[in-house]
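# Overview (structure and organization)
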Amino acid sequence: MHKKKKEHKKRGIGWTILRIFLGAAGILVLVLVVYIGYLFASYHRIEDNLELEVEKPAEGNVDETLKTGTEYSALTYNIGFGAYTPDFSFFMDGGKSSWAKSKESVLETVSGAGKLAASYDPDFALIQEVDLNSTRSYHVNEYELLKESFPEYDSVFAQNYDSAFLFYPFTQPHGRSRSGLALFSRYPVTSALRRSFPVSTSFTKFFDLDRCYSISRIPVENGKELVIFELHMSAYGNSDAIREGQISMLCNDMKAEYEAGNYVLCGGDFNHDLKASEDDSTGHESWAYPFPREDLPEHFTFCLDLLSEEEKDELWDSARNADMEYVPGVTYTVTLDGFIISDNLECLSYENINSGYSYSDHDPVYLKFKLK
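These numbers come from a predicted model, not from an experiment.

Let's shift gears to the overall build of the protein. Within the protein, the regular secondary structure consists of five helices and 16 strands. In the protein, buried positions account for 52% of the 372 residues. Taking the intrachain contacts of the protein between residues at least 6 apart in sequence as the baseline, contacts between residues at least 24 apart amount to 74%. Of the roughly 17,200 Å² of accessible surface on the protein, 55% is carried by carbon and sulfur atoms.

Encoded structure:
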């Protein structure tokens, strides 16, 4: 009789443990279902063909219109939301961190990137991965911070990312992000437009940016316009269909501007290996395909391709892989950033600036050009 009571007690403890386990599993499943519902309910794409606000400096621009035959300069720089000090690695690239080190680090890094860009005194600065109010960058408004480096410039912001709260990685959830593209222009911008790139429609859409490019217009004295396209294309191994769709859309818009008689300058982070040959199937990472030059419209070329092979080979790579800290000679590097120009622009000089990736996993690219 005593033995039966012990067996009954053991069975009772076993059932209690099982009920606790099943209850905890049920709660986890419920939380997961609610979270997935939240992701789908909160998901939205930012409107295409969205007119953007052009913010004017307090004292106005000194020069009113661009002139033909005059030297101008442009700089493009992906500042990596202020997180990428040389020892930083990012979880989406196979690294460790999903947030910047600290708010103080973000403030120092973005300010440093802004000062570096401004030190080249560009007429046009195209800056990507600029956070407005993101968990990963401690809610620092990086656009306002960058304005301090370009106080006398017109500025345009195109939001490229407006994500729901991501609970991954679990040890440091990436959180909610608002980020985009900033253009600073020494010359008056008359209007600007945001175009929405095609992106994934599968579940991965919750982890990719709401990709876009901005189109900004600056008057030229001959009645034409310099039309600046700023972009940040998809990465992280997106499909060929998405890649082809993004390139096709961009090329069609650039071609239309050229056929309207305008000058076209396109810059930013292409997320393609711009140095690699198109028939090179082994010399690049899976997320950095060679850019298909044959898809560019007639009258357009990468400034990089106007250099000699020796000059191209000697160019500093504009980006490093963020799967590890930056170790010279060890960390994988690649050129993802650059400019496309129409043939009514002349490339006068072209430089990939070597800062040793001091403020980002990218370094700036600097171009001097003139309108023909």
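Moving on, we come to the sheet that holds strand β5 (residues 154-166). Strands sit in the order β2-β5-β6-β4-β3-β16-β15 across an open sheet of seven strands; the sheet is mixed. Two strands close off the open sheet at either side, each with one partner strand: β2 (54-55) and β15 (345-352). The pairing of β15 with strand β16 (residues 365-371) spans seven bridges and is classified as antiparallel. For L345, the partnering residue across the bridge sits in β16 and is L371.

Next up on the list: the pairing of strand β6 (residues 175-185). Within β6, nine of the 11 residues are buried, which leaves it mostly tucked inside the rest of the structure. Of the pairings in the sheet, the one linking strand β4 (residues 124-131) to β6 comprises six bridges and is antiparallel in character. Of the residues in β6, the one forming a bridge with A125 is F184. Taken together, the 10 bridges between β5 and β6 define a ladder with antiparallel strand orientation.

This part is about the packing of aromatic side chains. Overall, the coordinates contain 24 aromatic pairs when judged by the stated rule. Look at Y143 and F157: their rings are 5.0 Å apart centre to centre, the planes differ by 40°, and that puts the pair in the tilted class. Placement of the pair is Y143 in helix α3 (residues 142-147) and F157 in strand β5, with a sequence separation of 14 residues. By way of ring pairs, the aromatic residues F81, Y84, F88, F90 and F91 are connected into one cluster. The ring centre of F81 lies 3.9 Å from the NZ or CZ of R136, which sits over that ring. It is R243 that lies over the ring of Y289; its NZ or CZ is 3.9 Å from the centre.

The next thing to look at is unusual backbone geometry. The phi dihedral of F81 falls on the positive side, at around 50°, and the residue is not glycine. As for its position among the elements, F81 is in the loop between β3 (71-78) and α2 (103-118). Taking the relative accessible area as the measure of exposure, F81 reaches 1% and is therefore buried. Located in the positive-phi region is Y357, a residue other than glycine, with phi close to 55°. Since its relative accessible area comes to 0%, Y357 is described here as buried.

Turning to a nonpolar patch on the surface, a few remarks are in order. A cluster of nonpolar residues, F167, Y168 and F170, forms a patch on the protein surface that exposes about 390 Å² of accessible area. Along the chain, the position of F167 falls in the loop between β5 and β6. Looking at F167, the relative accessible area reads 41%, which means it is partly exposed.

A few words on the pattern of salt bridges. Within the structure shown, the criterion is met by 18 salt bridges. In this structure, E71 engages K368 in a salt bridge whose closest nitrogen and oxygen atoms are separated by 4.0 Å. Here E71 is found in strand β3, whereas its partner K368 is found in strand β16, with 297 residues between them in sequence. A relative accessible area of 27% places K368 in the partly exposed class. Between D131 and R136 there is a salt bridge whose closest N-O contact spans 2.9 Å. Relative accessible area serves as the criterion here: at 0%, D131 is assigned to the buried category. Each member of the salt-bridge network shares a partner with another, and the members are R293, D305, E309 and K312.

Before going further, it helps to examine a negative patch on the surface. Together, E244, E278, D279, E294 and D295 make up a region of like negative charge exposed at the surface. By the element assignment, E294 lies in the loop between β10 (263-269) and β11 (300-302).

All right, on to α2 then. The first and last C-alpha atoms of α2 sit 22 Å apart over 16 residues, in line with the 22 Å expected at 1.5 Å per residue. Packed against the buried residues of α2 are β3 and α3.

Note on placement: L296 falls in the loop between β10 and β11. For the pair L296 and N252, spaced 44 residues apart in sequence, the C-alpha separation works out to 9.1 Å. When neighbours within four sequence positions are excluded, L296 is seen to be in contact with C251, M254, F291, T301, F302 and I340.

Turning next to the sheet that holds strand β7 (residues 191-196). Strand order in the open sheet formed by seven strands is β1-β7-β8-β9-β10-β14-β11, with mixed pairing between adjacent strands. Each having just a single partner strand, β1 (50-51) and β11 make up the two edges of the open sheet. Sheet topology places β10 next to strand β14 (residues 337-342); five bridges connect them, and they run antiparallel. Each bridged residue has a counterpart across the sheet, and for D269 the counterpart in β14 is D337.

Procedures and definitions
- Chains are numbered independently. Their residues run from 1 in the order of the written sequence.
- A pLDDT threshold of at least 70 governs which residues receive local features in this predicted model, and a stricter bar of 80 or more applies before side-chain atom pairs are shown or counted, although totals over entire chains, interfaces and linings include all residues.
- To get the side-chain values, all heavy atoms of the structure are used, and hydrogens and water are removed first.
- Strands are runs of DSSP state E lasting at least 2 residues, helices are runs of H or I lasting at least 4, and numbering of each runs from the N terminus.
- Throughout, exposure labels follow a simple rule: accessible area from a 1.4 Å probe, protein chains only, divided by the maximum for the residue type, with under 20% read as buried, over 50% as exposed, and the rest as partly exposed.
- It only takes one pair of heavy atoms within 4.5 Å for two residues to be counted as in contact.
- The Shrake-Rupley method, run with a 1.4 Å probe, gives the accessible areas here. Residue values count only the displayed protein chains as cover.
- Think of it this way: DSSP has to see at least two bridges between two strands before they count as a pair.
- Stacked, edge-to-face and tilted labels apply to pairs of Phe, Tyr and Trp rings (six-membered ring for Trp) whose centres lie within 6.5 Å, assigned for plane angles under 30 degrees, over 60, and everything in between, in that order.
- Think of it as a cone above the ring: NZ of Lys or CZ of Arg counts as a charge over the ring if it is within 6 Å of the ring centre and within 35 degrees of the ring normal.
- A patch consists of residues exposed above 30% relative accessible area that lack any salt bridge, with like charges linked at up to 9 Å and nonpolar side chains (Val, Leu, Ile, Met, Phe, Trp, Tyr) linked at up to 5 Å.
- Salt bridge, as used here, is a side-chain nitrogen of Lys or Arg placed within 4 Å of a carboxyl oxygen of Asp or Glu.
- Lys and Arg are tallied as positive, Asp and Glu as negative. Neither His nor the chain termini are counted.
- Taken as the charge centre is NZ of Lys, CZ of Arg, CG of Asp or CD of Glu, depending on the residue.
- A helix is expected to span 1.5 Å for every residue after the first.

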